[in-house]
Amino acid sequence: TLLQSLNDSDIKLRTSSIASLAHAGRPVRDAQPVAMVLSKCVTALNSKDETTQIGAVQALQGVAAPETNAPLLALANSTTNSETLRVAAIKALGFEGNEGVVNALITLMATPNTELLGSTASASLTAIGAKAIPALTAVLQKGEETTSFHAALALGRMGAKALPALEQVAKGNNLNAQRWSA
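About the criteria used
Residues numbered from 1 in each chain as written. Predicted model: local features only at pLDDT ≥ 70, side-chain atom pairs only at ≥ 80, totals over all residues. Heavy atoms only, no water. Helix = DSSP H or I, 4+ residues; strand = E, 2+ residues; numbered from the N terminus. Buried < 20%, exposed > 50% of the residue type's maximum accessible area, 1.4 Å probe, protein only. Areas by Shrake-Rupley, 256 points an atom, 1.4 Å probe, with all protein chains shown as cover. Salt bridge = Lys/Arg side-chain N within 4 Å of Asp/Glu carboxyl O. Axes fitted to C-alpha atoms, helices over the stretch in contact; angles between N-to-C directions. Parallel < 35°, antiparallel > 145°, perpendicular 65-115°, else oblique. Left-handed = near helix turned anticlockwise from the far one by under 90°. Contact = heavy atoms within 4.5 Å. Nonpolar A, V, L, I, M, F, W, Y, C, P; charged D, E, K, R; others polar. Polar contact = N/O pair within 3.5 Å; in protein donor to acceptor, adjacent residues only side chain to side chain. Core = buried A, V, L, I, M, F, W, Y, C linked by side-chain atoms within 4.5 Å.

Enquirer: Can you walk me through the overall build of the protein chain in this structure?
Expert: Regarding its fold elements, the protein chain presents 12 helices and zero strands. Helices and strands appear in the protein chain in the N-to-C order α-α-α-α-α-α-α-α-α-α-α-α. Residues classed as buried in the protein chain amount to 48% of the 182 residues present. Of the accessible surface of the protein chain, which amounts to about 9100 Å², a share of 55% is contributed by carbon and sulfur atoms.

Below you can see the structure in the form of structure tokens.
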């Protein structure tokens, strides 16, 4: 079965199995044991093979489980990982309502020397949605150039649901924040 192939010694079979799990999405209670799938994918994150790691990240992105926030954040924050792996981990954290990672993603928006990580973190915050709005408006109010840029993009992509928060920021006394909220 698919779950058994996650333990196979053939790396191509394991990687294909992980990709299949990613396409299947979050398992339903009766279909497959959620804990086992998550456990196998999290174990694959520690592989020495980056292709396997990325496949596991993609599977976890499809599953969209807050239980995997910690290992995905560890991958995203590790400067020894490739930018490709870090970006994949950041993308996997961006799902509706995943408020447990908002502050960590905001920190990643300010990562020096890599616009790609900041842009990806901003996109993930957009996917998280309304739960990220208070933290994103707080970033605007601080007025720091890089993080404010990414926060403004995330809020703009959220559309109407972010409008009341942006209007509040625009009414404040901070000129930098007003500029970013416009």
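That covers the picture; the talk isn't over yet.
Enquirer: How should I be thinking about the pattern of salt bridges in this particular structure?
Expert: As a working rule, side chains carrying opposite charge can pair if their charged atoms are close by. Taken as a whole and judged by the stated rule, the model has two salt bridges. A salt bridge links K131 to E99; the shortest N-O distance between them is 3.7 Å. Here K131 is found in the loop between α8 (115-128) and α9 (133-142), whereas its partner E99 is found in the loop between α6 (83-93) and α7 (102-109), with 32 residues between them in sequence. Among the residues examined, K131 registers a relative accessible area of 46% and is labelled partly exposed. Overall, the relative accessible area of 48% leaves E99 in the partly exposed class. Residue R179 pairs with E145 through a salt bridge whose shortest N-O separation is 3.3 Å.

Enquirer: For this particular structure, what's the right way to read the packing of α7 against α8?
Expert: Helix packing for two helices is described by the angle between their axes and how far apart those axes are. Relative to each other, α7 and α8 sit at 150 degrees, their axes nearing to 7 Å. Classified by the interaxial angle, the pair formed by α7 and α8 is roughly antiparallel. Seen along the crossing, α7 lies across α8 with a hand that is left-handed. Facing V102, L105, I106, L108 and M109 of α7, the residues of α8 in contact are L117, G118, A121, S122, S124, L125 and I128. In terms of residue class, the contact of α7 with α8 is built from nine nonpolar, three polar and no charged.

Enquirer: How do you make sense of the side chain of T68 when you look at a structure like this?
Expert: Counting through the fold element by element, T68 comes out in the loop between α4 (50-63) and α5 (69-77). Among the polar contacts listed, one links the side chain of T68 to the backbone oxygen of A65, at a separation of 2.8 Å. If we skip the residues at most four places from it in the chain, T68 touches L38, V42 and L60.

Enquirer: Is there a simple way to explain the environment of A132 in this structure?
Expert: By the secondary structure assignment, A132 is in the loop between α8 and α9. As a C-alpha pair, A132 and L105 span 27 residues in sequence and 9.9 Å in three-dimensional space. The residues contacting A132, other than those within four sequence positions of it, are V102, L125 and M158.

Enquirer: Looking at this structure, I do not really get the nonpolar core. What am I missing?
Expert: The tendency in soluble globular proteins is for nonpolar side chains to be buried as a group. Counting residues in each nonpolar core, the largest one holds 50 residues, and the members touching the most others are L105, L125 and L136. Looking at this core, the element that brings in the most residues is α6, giving seven residues. Not counting residues within four places of it along the chain, the set of residues in contact with L125 comprises V102, L105, I106, M109, A132, L136, A154 and M158.

Enquirer: I'm lost on the packing of α7 against α9 in this one. Help?
Expert: The interhelical angle for the contact between α7 and α9, taken along N-to-C directions, is 35 degrees, at an axis separation of 10 Å. Crossing geometry of α7 relative to α9 is assigned as right-handed. Listed contacts from α9 to V102, N103, I106 and M109 of α7 are A135, L136 and V139. In the contact of α7 with α9, the residues fall into six nonpolar, one polar and no charged.

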